[in-house]
Amino acid sequence: MLGRLVLDTLVTGLPLVIVFLGIYTVFRLRSDFDLTVEGSFALGGAATAVALIAGVDPTLALLVGAAAGALAGLATALLHLTLGVQVLLAGLVMSIGLFSVTLHVLGAPTVGLLSAATVFDGGGDARTVLVLAAVVLVVLGLYLLFLRTEIGLALRASGVNPRMARSQGVDDRAMTVLALVLANGLAGLGAGLVVQTQGYADVNMGIGTFVGGVGAILLGELLLRPSGSAVLRIVACVLAGTLLYRLILTGALRVGLPAADLKGVTALTLIIAVAAHRYLGGGVRWLTRSRRERPTVGVS
């Protein structure tokens, strides 16, 4: 039974590592909140499913999902920059609007893949885990390398201290666009993996993604608190936190909790993570501070 629990955790959790990495990009590196991810996750999954049904290569279908998510992030960025709407509100508006877009893309609330080919064909659960692990490691590796580039450093610096970054010639507006596009592109990519593992896409599949991602990030920081490279810390925290988050949900199902109660478990997980940060010394006061007051994160 323990082996099955671990296997289920990996199958359901590994795709979310990519999604939650995107949430981390805005939530921690930019010290902001982007609810677009709830819509871009569903849109990315829908785009992937439609591409698979149309006979597109499964790997290319993942890129289609990532592109759909990235476009959603770009729309949020444009709404924020052109109309002056805060990222939080712009993301909320986009997530609501994307529900209709996703429904039109799918043509129905739920679409099964039936006999459509996926990247996991030709093997059982072991192959699925291996493929997922390979994709996740590649994405995490590329993300780590990106954050070490000049552009990646500028992205992190603009989130820590926008005024200082601007004085060094960093275009904060461009960094906002980059963060939102990258975050939602990763959400779309992760959704494509989720769709291919579960065999269907659903218009409601993005609900609760943001809350789950924040909870997983805080859990990861509680678990590891690593020293050294801040970039490695990001990758390690997101990976460990996501798998622990999925282990909690999978374990809840294993002990007989109805699936309808999982959203409540997700909310409770976030509350516990925030409380643990507050009372065990991690601190989450930066969640309610202004951007100028938030502590330095992720620049090294």
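Please read all numbers here as calculations on a predicted model, not as lab measurements.

Parameters at a glance
- Residues numbered from 1 in each chain as written.
- Predicted model: local features only at pLDDT ≥ 70, side-chain atom pairs only at ≥ 80, totals over all residues.
- Heavy atoms only, no water.
- Salt bridge = Lys/Arg side-chain N within 4 Å of Asp/Glu carboxyl O.
- Helix = DSSP H or I, 4+ residues; strand = E, 2+ residues; numbered from the N terminus.
- 1 Å grid on protein atoms, 1.4 Å probe; cavity = no way out; pocket = protein on both sides within 12 Å on 5 of 7 lines; lining within 4 Å.
- Points joined across faces, edges and corners; volume = space filled by probe spheres on them.
- Nonpolar A, V, L, I, M, F, W, Y, C, P; charged D, E, K, R; others polar.
- Axes fitted to C-alpha atoms, helices over the stretch in contact; angles between N-to-C directions.
- Parallel < 35°, antiparallel > 145°, perpendicular 65-115°, else oblique.
- Left-handed = near helix turned anticlockwise from the far one by under 90°.
- Contact = heavy atoms within 4.5 Å.
- Buried < 20%, exposed > 50% of the residue type's maximum accessible area, 1.4 Å probe, protein only.
- Expected span 1.5 Å × (residues − 1).

A short note on the pattern of salt bridges
Link 1 in the chain: Applying the stated criterion across every chain, the model contains 6 salt bridges.
Link 2 in the chain: In this structure, Arg-28 engages Glu-221 in a salt bridge whose closest nitrogen and oxygen atoms are separated by 2.9 Å. Taken together, the residues Arg-28 in helix 1 (residues 2–29) and Glu-221 in helix 9 (residues 209–224) connect sequence positions 193 residues apart.

A few points about the layout of surface pockets
Link 1 in the chain: Estimated volume of the largest pocket: approximately 720 Å³.
Link 2 in the chain: Lining the largest pocket are 29 residues, with Leu-16, Gln-198, Met-205, Arg-246 and Lys-263 positioned closest to its centre.
Link 3 in the chain: Looking at the lining of the largest pocket, the elements with two or more residues in it are helix 1, helix 8 (172–198), strand 2 (200–202), helix 9, helix 10 (230–254) and helix 11 (262–279).
Link 4 in the chain: Split by residue class, the lining of the largest pocket holds 15 nonpolar, 9 polar and 5 charged.

Concerning the packing of helix 1 against helix 10
Link 1 in the chain: Put simply, helix 1 and helix 10 touch, their axes get as near as 7 Å, and they point 135° apart. In terms of orientation, helix 1 and helix 10 fall into the oblique class. Seen from above, helix 1 lies across helix 10 with right-handed handedness.
Link 2 in the chain: Within the contact of helix 1 with helix 10, the residues separate by chemical class into 15 nonpolar, 6 polar and 6 charged.

Re the packing of helix 3 (residues 58–83) against helix 4 (residues 87–106)
Link 1 in the chain: As a packed pair, helix 3 and helix 4 sit with axes 9 Å apart at the nearest point and diverge in direction by 135°. In terms of orientation, helix 3 lies oblique with respect to helix 4. Two packed elements cross with a definite hand, and for helix 3 against helix 4 that hand is right-handed. Listed contacts from helix 4 to Ala-72, Ala-75, Thr-76, Leu-79 and His-80 of helix 3 are Val-87, Ala-90, Gly-91, Val-93, Met-94 and Leu-98.
Link 2 in the chain: Tallied by class, the residues present in the contact of helix 3 with helix 4 amount to 8 nonpolar, 3 polar and no charged.

Observations concerning unusual backbone geometry
The phi torsion of most residues other than glycine is negative, and most of the peptide bonds are trans.
Link 1 in the chain: One non-glycine residue with positive phi stands out, namely Ser-31, at about 50°.
Link 2 in the chain: Overall, Ser-31 belongs to the buried group, its relative accessible area being 7%.
Link 3 in the chain: One non-glycine residue, Leu-114, lies in the positive phi region at around 50°.
Link 4 in the chain: Checked against the element boundaries, Leu-114 lands in the loop between strand 1 (110–112) and helix 5 (125–147).

Topic: empty space enclosed by the protein
Link 1 in the chain: Tallied over the full model, the rule gives 3 cavities of 30 Å³ or more.
Link 2 in the chain: Quantified by volume, the largest cavity comes out at close to 50 Å³.
Link 3 in the chain: What lines the largest cavity is Gly-22, Ile-23, Val-26, Phe-27, Asp-32, Asp-34, Val-37, Ala-183, Asn-184 and Phe-210.
Link 4 in the chain: Elements with a minimum of two residues in the lining of the largest cavity: helix 1 and helix 8.
Link 5 in the chain: The dominant element in the lining of the largest cavity, judged by the number of residues it contributes, is helix 1, at 4 residues.
Link 6 in the chain: For the lining of the largest cavity, the residue count by class is 6 nonpolar, 2 polar and 2 charged.

Here's the deal with helix 9
Since the α-helix advances by 3.6 residues per turn, residues separated by three or four positions end up pointing in the same direction.
Link 1 in the chain: Here helix 9 is 16 residues long and its end C-alpha atoms lie 22 Å apart, about the 22 Å a rise of 1.5 Å per residue gives.
Link 2 in the chain: If you check which residues of helix 9 are buried, you get Thr-209, Phe-210, Gly-212, Gly-213, Val-214, Gly-215, Ala-216, Ile-217, Leu-218, Leu-219, Gly-220 and Glu-221.
Link 3 in the chain: Contact partners of the buried residues in helix 9: helix 1, helix 2 (36–53), helix 10 and helix 11.
Link 4 in the chain: Directly after helix 9, the chain includes Arg-225, whose backbone phi takes a positive value near 40°.

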